[in-house]
Amino acid sequence: MGKMKDLLIELQETPIMTPCPDCFGEGDIIYEVPRPHNVGRDVGVIDVEMEICETCSGDGEIERLCDCGAPVTKIMGDDAEVCMECADEQ
Ligand SMILES: [Zn+2]
Ligand SMILES: [Zn+2]
């Protein structure tokens, strides 16, 4: 198989990755946990906790998906938002 064809197949099969909208590409989500004052503590404080983002599993990026649910692959160009099949139908 020629190199050009390999490249083409790779482009067709490699999904475009897009920064995760839930963690803004960080991979984890920081949230505040208010701890009201109690017997052992005079003042209420806000703790900051961090957890792995569920949407991207901590990767900070997700596959860009077409409206039909299929991944948009690199063959469509970096700005594409539809998959190959949907683009064919248009
Ligand atoms: Zn995320
Ligand atoms: Zn599609």
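Look up a bit, the structure's there.
So, here's what we can say about the structure. (Residues numbered from 1 in each chain as written. Chains lettered and ligands numbered in written order. Predicted model: local features only at pLDDT ≥ 70, side-chain atom pairs only at ≥ 80, totals over all residues. Heavy atoms only, no water.)

The next thing to look at is the overall build of the protein. In terms of helices and strands, the protein carries 2 helices and 4 strands. Starting at the N terminus and walking to the C terminus, you meet the elements of the protein as α-β-β-β-β-α. Whereas a compact globule of 90 residues would reach a radius of gyration of roughly 12 Å, the protein reaches 21 Å, over 25% beyond that. Reported as C-alpha extents along the three principal axes, the dimensions of the protein are approximately 70 × 30 × 15 Å. Counting every position in the protein, which comprises 90 residues, the buried fraction comes to 18%. Put simply, of all contacts in the protein between residues at least 6 apart along the chain, 46% involve residues at least 24 apart. On the protein, roughly 7,000 Å² of surface is accessible, and the fraction owed to carbon and sulfur atoms is 52%. (Helix = DSSP H or I, 4+ residues; strand = E, 2+ residues; numbered from the N terminus. Rg over C-alpha atoms; globule rule 2.2 N^0.38 Å. Buried < 20%, exposed > 50% of the residue type's maximum accessible area, 1.4 Å probe, protein only. Contact = heavy atoms within 4.5 Å. Areas by Shrake-Rupley, 256 points an atom, 1.4 Å probe, with all protein chains shown as cover.)

Scanning all chains against the criterion turns up 2 salt bridges. The salt bridge involving D47 is made with R35; its shortest N-O contact spans 2.7 Å. With D47 in strand β3 (residues 45-52) and R35 in strand β2 (residues 28-35), the pair connects residues that are 12 residues apart, well separated along the chain. Looking at R35, the relative accessible area reads 29%, which means it is partly exposed. (Salt bridge = Lys/Arg side-chain N within 4 Å of Asp/Glu carboxyl O.)

For the rest of this paragraph, the subject is the coordination of the zinc ion (ligand 1). The coordination sphere of the zinc ion (ligand 1), as far as protein atoms go, consists of C20 (SG), C23 (SG), C53 (SG) and C56 (SG), spread over 2.3 Å. Angles of 103 to 115° at the metal separate the 4 donor atoms of the zinc ion (ligand 1), which places the site in the tetrahedral class. The sequence motif formed by the donor residues of the zinc ion (ligand 1) is C-x2-C-x29-C-x2-C. Taken as a pair, C23 in the loop between β1 (17-19) and β2 and C53 in the loop between β3 and β4 (61-63) lie far apart in primary sequence, 30 residues in all. Here C53 falls in the buried class, since its relative accessible area comes to 1%. (Donors = N, O, S within 2.8 Å, 3.2 Å for Na, K, Ca; no water. Tetrahedral: all angles 85-135°; square planar, octahedral: opposite > 155°, others 65-115°.)

Among the nonpolar cores identified, the biggest contains 6 residues, and these are I16, C66, V72, A80, C83 and C86. The contacts of C86, once residues within four sequence positions are left out, are C66 and C68. (Core = buried A, V, L, I, M, F, W, Y, C linked by side-chain atoms within 4.5 Å.)

Phi is positive for F24, which is not a glycine, with a value near 55°. Within the secondary structure, F24 sits in the loop between β1 and β2. For F24, a relative accessible area of 69% gives the class exposed. The backbone of S57 shows a phi angle near 60°, a positive value even though the residue is not glycine. Considering the arrangement of structural elements, one finds S57 in the loop between β3 and β4. When its relative accessible area of 54% is taken as the criterion, S57 is described as exposed.

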